[in-house]
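Chain and residue survey
Listed here are the chains, written in short residue letters.
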Amino acid sequence: MINLIQKYFPKITEKQTNRFAKLPELYAQWNEKINVVSRKDIDSLLEKHVLHSLGIAKVMQFTPTTKILDIGTGGGFPGIPLAILFPESQFTLVDSIGKKIKVVNEIAQYLELANVTGINARAENIVEKFDFVVSRAVTQMPVFMSWIKGKFLSKNNNSLRNGVLYLKGGDLTEELKNFPAAKIFDLKDYFDEEFFITKKVVYIKNMH
């Protein structure tokens, strides 16, 4: 199954390959104790969680020292796969459920991901500023945008201006009607698997 990651990211190093390869067993073990991934998805973790998370990397190649905030990370998605892929960028993974952040920190420690910090907090209580905020369908976009107001650094160091990269599925017309500048990237343009037909990355640049 690890070939699935190599298929779309052929330049990953042996170290990265090994870290990705460990994820299915790690999550299966943790899931027995704390339910962080839906039981029906645990067998297709690399496709439905890891590769899905890496959809963001098809849209945005983070430069070294980029600071990324992952809100509502759950068991570490999209933050942990992205942190493996971009070892020189800094990832702060936030979730309001403490036991999920315990899993995030344990997995990051096991994989020796020095660029991951897991924090048990509500998004709106984070005071630090970041280049990008990433997330995977935690809530409706207007609510999400209200959580992250004022959380962006003003200096841009990447090919896209600082902003939000949000993994969503389905028809987003209604949800994005108040965000005319939102750009939608269809993951079916990057990945062949049927799972990705309706999946998208929404990019909204920071306007402040």
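Note: the structure precedes this text.
Residues numbered from 1 in each chain as written. Predicted model: local features only at pLDDT ≥ 70, side-chain atom pairs only at ≥ 80, totals over all residues. Heavy atoms only, no water.

Notes on the overall build of the protein
Across its full length, the protein holds seven helices and seven strands. Written out in order from the N terminus, the α and β elements of the protein read α-α-α-α-β-α-β-α-β-β-α-β-β-β. The C-alpha radius of gyration computed for the protein amounts to 16 Å, which stays within 12% of the reference 17 Å derived for 208 residues, consistent with globular compactness. Considering only C-alpha atoms, the protein reaches an extent of 40 × 35 × 30 Å along its principal axes. Counting across all 208 residues of the protein, residues that qualify as buried make up 53%. Taking the contacts inside the protein whose residues are at least 6 apart along the sequence as the reference set, 69% of them involve residues at least 24 apart. (Helix = DSSP H or I, 4+ residues; strand = E, 2+ residues; numbered from the N terminus. Rg over C-alpha atoms; globule rule 2.2 N^0.38 Å. Buried < 20%, exposed > 50% of the residue type's maximum accessible area, 1.4 Å probe, protein only. Contact = heavy atoms within 4.5 Å.)

A short note on the sheet that holds strand S3 (residues 116-120)
The strand order across the open sheet built from seven strands is S3-S2-S1-S4-S5-S7-S6, with neighbouring strands paired in mixed fashion. At either end of the open sheet lies a strand with only one pairing partner, and these are S3 and strand S6 (183-186). Each strand of the sheet is rotated relative to its neighbour by a mean of 20 degrees, with strand direction disregarded. Relative to strand S7 (residues 199-205), S6 is paired through four bridges, and the arrangement is antiparallel. Across the sheet, residue Ile184 finds its bridge partner in S7, namely Val202. Each of strand S4 (132-136), strand S5 (163-169) and S7 is contacted by helix H3 (residues 45-53), which is oriented at about 165 degrees to S4, the strand it contacts most. Seen against the sheet, helix H6 (residues 98-110) touches strand S2 (90-95) and S3 and runs at an angle of roughly 165 degrees to S3. (Pairing = 2+ DSSP bridges. Axes fitted to C-alpha atoms, helices over the stretch in contact; angles between N-to-C directions.)

Observations regarding the pairing of S5
Counted residue by residue, S5 has six buried out of seven residues, so it is predominantly covered. Here S4 runs beside S5; their pairing, made up of five bridges, is parallel. For Phe132, the partnering residue across the bridge sits in S5 and is Gly163. In this view, the connection linking S4 to its parallel neighbour S5 by way of helix H7 (residues 141-147) has right-handed handedness. Across seven bridges, the pairing between S5 and S7 is antiparallel. Bridge pairing in S7 links Leu165 to Tyr203. (Right-handed = clockwise from strand over helix to strand, strands pointing away.)

Topic: the packing of helix H2 (residues 14-33) against H3
Helix packing geometry: the angle between the two helix axes and the distance between the axes. The interhelical angle for the contact between H2 and H3, taken along N-to-C directions, is 120 degrees, at an axis separation of 11 Å. Relative to H3, H2 is oriented oblique. In this structure, H2 crosses over H3, and the sense of that crossing is right-handed. Of the residues in H3, those in contact with Phe20, Leu23, Pro24 and Tyr27 of H2 are Leu45, Leu46 and Val50. (Parallel < 35°, antiparallel > 145°, perpendicular 65-115°, else oblique. Left-handed = near helix turned anticlockwise from the far one by under 90°.)

Things to note about the pattern of salt bridges
Counted by the stated rule, this structure contains eight salt bridges. As a salt-bridge pair, Lys188 and Asp186 come within 3.8 Å of each other at their nearest N and O atoms. Taking the relative accessible area as the measure of exposure, Lys188 reaches 42% and is therefore partly exposed. The class for Asp186 is partly exposed, based on a relative accessible area of 23%. Salt bridges linked by common partners bring Lys7, Asp192 and Glu193 together as one network. (Salt bridge = Lys/Arg side-chain N within 4 Å of Asp/Glu carboxyl O.)

Notes on the nonpolar core
The biggest cluster of nonpolar side chains holds 54 residues, and the ones touching the most others in it are Ile5, Phe9, Phe20, Leu23, Tyr27, Phe62 and Leu165. Apart from residues no more than four positions distant in its own chain, Phe62 is found in contact with Ile56, Ile68, Phe86, Ser89, Phe91, Phe132, Val134, Asn158 and Leu165. (Core = buried A, V, L, I, M, F, W, Y, C linked by side-chain atoms within 4.5 Å.)

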